[in-house]
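# Overview (structure and organization)
What follows is the residue order along each chain.
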Amino acid sequence: MLIKDISFNKVKNMTHNIAILPGDGIGPEIIAEAVKVIEFLRQHAGFDATMTTAPVGGAGYDAAGKPLPDDTLSLVKACDAILLGAVGGPQYEALPREMRPERGLLGLRSELALFSNLRPAILYPQLADASSLKPEIVAGLDIMIVRELTGGIYFGQPREITEKDGERYAYNTAGYKESEIERIGRSAFDIAMKRDKRVCSVDKANVLEVSELWREVMENVAKDYPEVELSHMYVDNAAMQLVKWPKQFDVMVTSNLFGDVLSDCAAMLTGSIGMLPSASLDANGKGMYEPIHGSAPDIAGMGVANPLATILSVAMMLRYSLNEEALAQRIEAAVGKVLDQGLRTADIMSDGCTEVNTMAMGDAVVAAL
Ligand code: NAD
């Protein structure tokens, strides 16, 4: 009986349970292509996984009257990783705030305590012309911004608009507990261990006490990762360096506010929103993976959306939550191969290439696998 139990657990632990949340707009179209990739790995690469689909966002509201339906919440709590398309659309904009699609996304983040936001800025050399920077500055760019997602000035109390000295006065509170800094630090160092083993911590320690503590805790965390090189940079300089010579960075770790600004800046270095994946992780490495773009209602239903950001989100999921590094690299290589073949969706189309639709792009990645 005992042996049977153990073997059952072993098999159970090997099966990865993935929740698939297509969402709204182009969400279902791009998710369908990512599912094809997972299905291929299941059938041909020994990837042991189950996939369960559930509605969220506007689709959640349509199906169950709220953006994060109870069944969807139960599913994401029980699964090992979540793949999300995108949420939102003009038809939901008149709904009360708590019923809007974005609430579904915020609900997922808070219910699952996803405090570590990973935003890679990767520019495939084949797409270097898409950037507003010179190709030699950005071609082959591969940096990872690790942003603290559940603390800092966006959540700090007290906060208010009040009166002071006879005029209106507003303030917010930027605060971090040591434990909050430590866990985002560990998240960044763990990621650096899977990359080039360099962490640049971004702060404003010359002015802010909260940054002083941030820097001190990062130094302490670094002691547990002797192989990783830690450097510090003030946020104003980091913004300049990102535009001047972004390839100097490997992993950047920073607070919620600084990360919000720097990750968008880094994403735009690549010039191609349809190519960038992201992840939000909890303390155990469970994560939600999604393209950085939204539901693109302007092109929804036309079959022209670029599915590569979502397919690359699957690669991140394999790397950071499911411990399947070889398969992650295989997907990334397949995407590179498809770009080498000159295949492009409309958003990344350039002279001399072949324009393909969403499905054809997904099929090409599967063929390249
Ligand atoms: P968006 O990212 O949806 O679209 C911006 C532009 O990029 C559009 O022109 C769109 O056609 C294009 N685009 C985006 N993804 C593309 C892809 N994969 N392939 C080709 N082109 C692509 O941003 P928006 O227009 O500001 O927002 C639209 C909706 O998405 C809103 O309801 C917004 O709230 C929501 N949104 C959701 C998320 C999310 O789910 N995480 C993020 C951002 C915005």
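Since the model is a prediction, treat every value here as computed from it, not as a measurement.

## Quick word on the site of the ligand
If you check the shell around the ligand, you find 19 residues, and the closest are V87, G294, A296, D298 and N306. Contact between the ligand and E290: a nitrogen atom at 3.2 Å from a side-chain N or O atom of the residue. Contact distances for the ligand include 2.9 Å between an oxygen atom and a side-chain N or O atom of D298. Protein chains shield 66% of the accessible area of the ligand, which is 810 Å² for the free molecule. When the residues that make up the shell around the ligand are grouped by side-chain class, the tally is nine nonpolar, six polar and four charged.

## A few points about the side chain of D203
The residue D203 is located in strand β8 (residues 198-203) in this model. Within the structure, the side chain of D203 is placed 2.8 Å from the side chain of R215, a separation counted as a polar contact. Ignoring any residue separated from it by four or fewer positions in sequence, one finds D203 in contact with S211, W214, R215, H232, M233, Y234, V235 and F258.

## Considering a negative patch on the surface
On the surface, E178, E209, E212 and E216 cluster together into a patch of negative charge. The leading source of residues in the negative patch is helix α8 (residues 209-222), at three residues. Tracing the chain through its elements places E209 in helix α8. The exposure class of E209 is exposed, given its relative accessible area of 60%.

## Regarding the pattern of salt bridges
Where charged atoms of side chains with opposite charge meet at close range, the side chains can pair. Counting across every chain of the model gives 16 salt bridges. For E111, the salt bridge is made with K77, and the minimal N-O distance between the two is 3.2 Å. Taken together, the positions of E111 in helix α5 (residues 101-111) and K77 in helix α4 (residues 70-78) put the pair 34 residues apart, joining distant regions of the chain. Judged by relative accessible area, which is 46%, K77 ranks as partly exposed. Among the charged side chains, a salt-bridge network with shared partners connects E33, K36 and D363.

## What to know about unusual backbone geometry
In this structure, P158 follows Q157 across a cis peptide bond, with omega equal to 0 degrees. Position of P158 among the secondary structure elements: in the loop between β5 (142-148) and β6 (160-164). In this model, A113 sits at a positive phi of 55 degrees, which is unusual for a non-glycine residue. Locating A113 in the fold gives a position in the loop between α5 and β4 (116-122). The phi dihedral of N323 falls on the positive side, at around 55 degrees, and the residue is not glycine. Taking the relative accessible area as the measure of exposure, N323 reaches 66% and is therefore exposed.

## Some words on helix α9 (residues 235-244)
Listing the buried residues of α9 in full gives V235, A238, Q241 and L242. Buried residues of α9 fall within an arc of 115 degrees about the axis and therefore sit on the same side. Summarising the geometry of α9, the exposed residues directed more than 90 degrees from the buried face are M240 and K244.

## Thoughts on the domain arrangement of the chain
Note: interface size is frequently given as the accessible area lost on complex formation between the parts. Taken as a whole, the chain is organised into domain 1 (1-115 + 282-369) and domain 2 (118-275). Just the C-alpha atoms count here: the centres of domain 1 and domain 2 sit 25 Å apart. On the domain 2 side, the residues contacting the 20 residues of domain 1 number 21 residues. The largest share of the area that domain 1 buries against domain 2 comes from F115, I292 and Y320, three residues that together contribute 38% of it. Where domain 1 touches domain 2, the interface holds zero salt bridges. Where domain 1 meets domain 2, there are seven residue pairs in polar contact (both at pLDDT 80 or more). Element by element, the count of residues in the side of domain 1 that touches domain 2 is highest for helix α11 (residues 308-320), at six residues. A class-by-class count of the residues in the side of domain 1 that touches domain 2 yields eleven nonpolar, three polar and six charged.

## Quick word on the sheet that holds strand β10 (residues 251-254)
Taking strand neighbours across the sheet as the criterion, the ten strands line up as β2-β1-β3-β12-β11-β4-β5-β10-β8-β9 in an open arrangement whose pairing is mixed. Pairing within the sheet leaves two strands with one partner each, and these edge strands are β2 (49-53) and β9 (229-234). Within the sheet, the average angular offset between the axes of one strand and its neighbour, ignoring direction, is 20 degrees. In this sheet, strand β12 (residues 287-291) lies alongside strand β11 (residues 277-281) in antiparallel orientation, the contact comprising five bridges. Following the sheet pairing, S280 is matched in β12 by M288. With respect to the sheet, α4 is in contact with β1 (16-23), β2 and β3 (81-86), its orientation differing from that of β1 by roughly 145 degrees.

## Some points on the packing of α9 against helix α10 (residues 256-270)
In contact at an axis separation of 10 Å, α9 and α10 are set at 10 degrees when each is read in the N-to-C sense. Considered as vectors, α9 and α10 are oriented roughly parallel to each other. Counting all contacts with α9, which are made through V235, A238, A239, L242 and V243, the residues of α10 involved are F258, L262, C265, A266 and L269. The residue makeup of the contact of α9 with α10, split by class, is ten nonpolar, no polar and no charged.

About the criteria used
- Residues numbered from 1 in each chain as written.
- Predicted model: local features only at pLDDT ≥ 70, side-chain atom pairs only at ≥ 80, totals over all residues.
- Heavy atoms only, no water.
- Near = heavy atom within 4 Å.
- Polar contact = N/O pair within 3.5 Å; in protein donor to acceptor, adjacent residues only side chain to side chain.
- Areas by Shrake-Rupley, 256 points an atom, 1.4 Å probe, with all protein chains shown as cover.
- Nonpolar A, V, L, I, M, F, W, Y, C, P; charged D, E, K, R; others polar.
- Helix = DSSP H or I, 4+ residues; strand = E, 2+ residues; numbered from the N terminus.
- Contact = heavy atoms within 4.5 Å.
- Patch = residues over 30% accessible without salt bridge, like charges linked within 9 Å, V, L, I, M, F, W, Y side chains within 5 Å.
- Salt bridge = Lys/Arg side-chain N within 4 Å of Asp/Glu carboxyl O.
- Lys, Arg positive; Asp, Glu negative; His and termini not counted.
- Charge placed at Lys NZ, Arg CZ, Asp CG, Glu CD.
- Buried < 20%, exposed > 50% of the residue type's maximum accessible area, 1.4 Å probe, protein only.
- Arc of directions from axis to C-beta.
- Domains from an automatic or database assignment.
- Buried area = accessible area lost by both parts, 1.4 Å probe.
- Pairing = 2+ DSSP bridges.
- Axes fitted to C-alpha atoms, helices over the stretch in contact; angles between N-to-C directions.
- Parallel < 35°, antiparallel > 145°, perpendicular 65-115°, else oblique.

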